[in-house]
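# Coordinate inspection notes
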Amino acid sequence: MITFGSLLPDPHTGTLLSQRQRLRDVVSAAEAAEQLGFAWYALGEHHFGERDVIPSPAVVLAAIAEHTSSIRLATGTTLLANRDPVLVAEDYALVDLLSNGRLELVAGGSFYPQAWTVFGQEPASKAVRKRENVELLLRLWNEDQVTWTGQFRPPLDQVSLQPRLTQSRPPLWLSAGVGSESVPLAVEHGLPVVVGTIGRPPVDYVDVFGDYRRQWRLAGRTDPPGRLGAASHFFVARTSQAARSLWSEYINNYLSANGAGAARGPFDFDAHISPDGPAICGSPAEALDKLGRLHELWGHDLHLLAIDLGGIPYAEVQKATELVASEILPHLSGLGTTSAVPQPTAAETAETAVNA
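As the structure is a prediction and not an experimental result, all values here were calculated from the model. (Residues numbered from 1 in each chain as written. Predicted model: local features only at pLDDT ≥ 70, side-chain atom pairs only at ≥ 80, totals over all residues. Heavy atoms only, no water.)

### Looking at the overall build of the protein chain
- For the protein chain, the count of helices and strands is 12 helices and 11 strands.
- Relative to the compact-globule value of 21 Å for 356 residues, the protein chain shows a C-alpha radius of gyration of 20 Å, a close match.
- A principal-axis box enclosing the C-alpha atoms of the protein chain has dimensions of 55 × 50 × 40 Å.
- Each of the 356 residues in the protein chain was classed as buried or not, and the buried ones make up 51%.
- Entry remark: accessible area of the protein chain is about 16000 Å², with carbon and sulfur atoms responsible for 52%. (Helix = DSSP H or I, 4+ residues; strand = E, 2+ residues; numbered from the N terminus. Rg over C-alpha atoms; globule rule 2.2 N^0.38 Å. Buried < 20%, exposed > 50% of the residue type's maximum accessible area, 1.4 Å probe, protein only. Areas by Shrake-Rupley, 256 points an atom, 1.4 Å probe, with all protein chains shown as cover.)

### Let's talk about the packing of helix α5 (residues 126-142) against helix α6 (residues 182-189)
- Interaxial distance between α5 and α6 falls to 11 Å at its minimum, and their mutual angle equals 20 degrees. Taken as axis vectors, α5 and α6 run roughly parallel relative to one another. When the axes of α5 and α6 are compared, the crossing they make is right-handed. Contacts from Lys130, Arg131, Val134, Glu135 and Leu138 in α5 reach Ser182, Leu185, Glu188 and His189 in α6. (Axes fitted to C-alpha atoms, helices over the stretch in contact; angles between N-to-C directions. Parallel < 35°, antiparallel > 145°, perpendicular 65-115°, else oblique. Left-handed = near helix turned anticlockwise from the far one by under 90°. Contact = heavy atoms within 4.5 Å.)

### Quick look at the side chain of His233
- Mapped onto the fold, His233 is located in strand β9 (residues 228-236).
- Setting aside anything within four residues of it in sequence, one finds His233 in contact with Phe4, Ile198, Trp247, Ile251, Tyr254, Leu255, His272, Ala279, Ile280, Ala306 and Leu309.

### Some thoughts on the pairing of strand β7 (residues 172-176)
- Counting buried positions along β7 yields five of five residues, so the element is predominantly enclosed.
- Of the two faces of β7, the one lined by Leu172, Leu174 and Ala176 and the one lined by Trp173 and Ser175 are each fully buried.
- The pairing of strand β4 (residues 103-107) with β7 spans three bridges and is classified as parallel. Within the sheet, the bridge partner assigned to Leu105 lies in β7 and is Leu172.
- Across three bridges, the pairing between β7 and strand β8 (residues 193-195) is parallel. Bridge pairing in β8 links Ala176 to Val195. (Pairing = 2+ DSSP bridges.)

Given below as structure tokens:
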């Protein structure tokens, strides 16, 4: 499960929770997700918009760590391109310690222009910042002392990060999208990837997943490719009609809110949840069918479900979560497994030789 901590009035009743209550619901939902058998609970990081209330996932994950014991605690994503990687390394090492090694950090950069403006950063520098900060974060987590010089922050001279991660290997993933610079960076460092698949038709992301595997082969890596993840706005109810009737206003409310990105035209709910649309909404059987088809299309083994969107009441989120646990999760066991590295084609072998 993934939450962005969205805080919006209920479009049916006008009810608006306090910020404190919304955050308490986020923590409670993590406890419930663990009890119901979910593998991950992820928090998005957003700044300055009116829609979302989690600018610092590390703080909220630390609270969740004290109420859970086994579920992986993730970010989706940490805006590493915008943040100081030294502070990120420290903050999330603390989360890893408090959770007894359950951290999963997905690194990206802000999609929204306001963060770049307020932080005094050039959006065009996103790719360079992300590479520099990813590489420094890995060094800080892997090495006892780091001496380093880069472009965007002061140099380091024999800096020893404290505290240290509990996990022996840095629990770092990269976020990626269509045309993303993250795929070659992930392959170079042997990192897994979560593809942000919430905004476009599923077919648009096929090349991102395929390119990751192709570049892994061309790099001559002998280890299996890293794990691949995806995400969907998601809702389920006992019947298709009930799910559609309840969720249509909430997802429209979420996508229309300040901070949702570029202005869009009239919302076509049916197209949004259709087999060719980015979201999943329906009965458990319909949701399971679409998850299966997306797995066939992308070959991923992690899927983050965003349920608590647009002011939907916590009770309805819990009903949907329980349905996923009882009617969907048991049927997904073993569906998404990482396969061995495929042998390169003749054309790829020739390309590798030329590049060498």
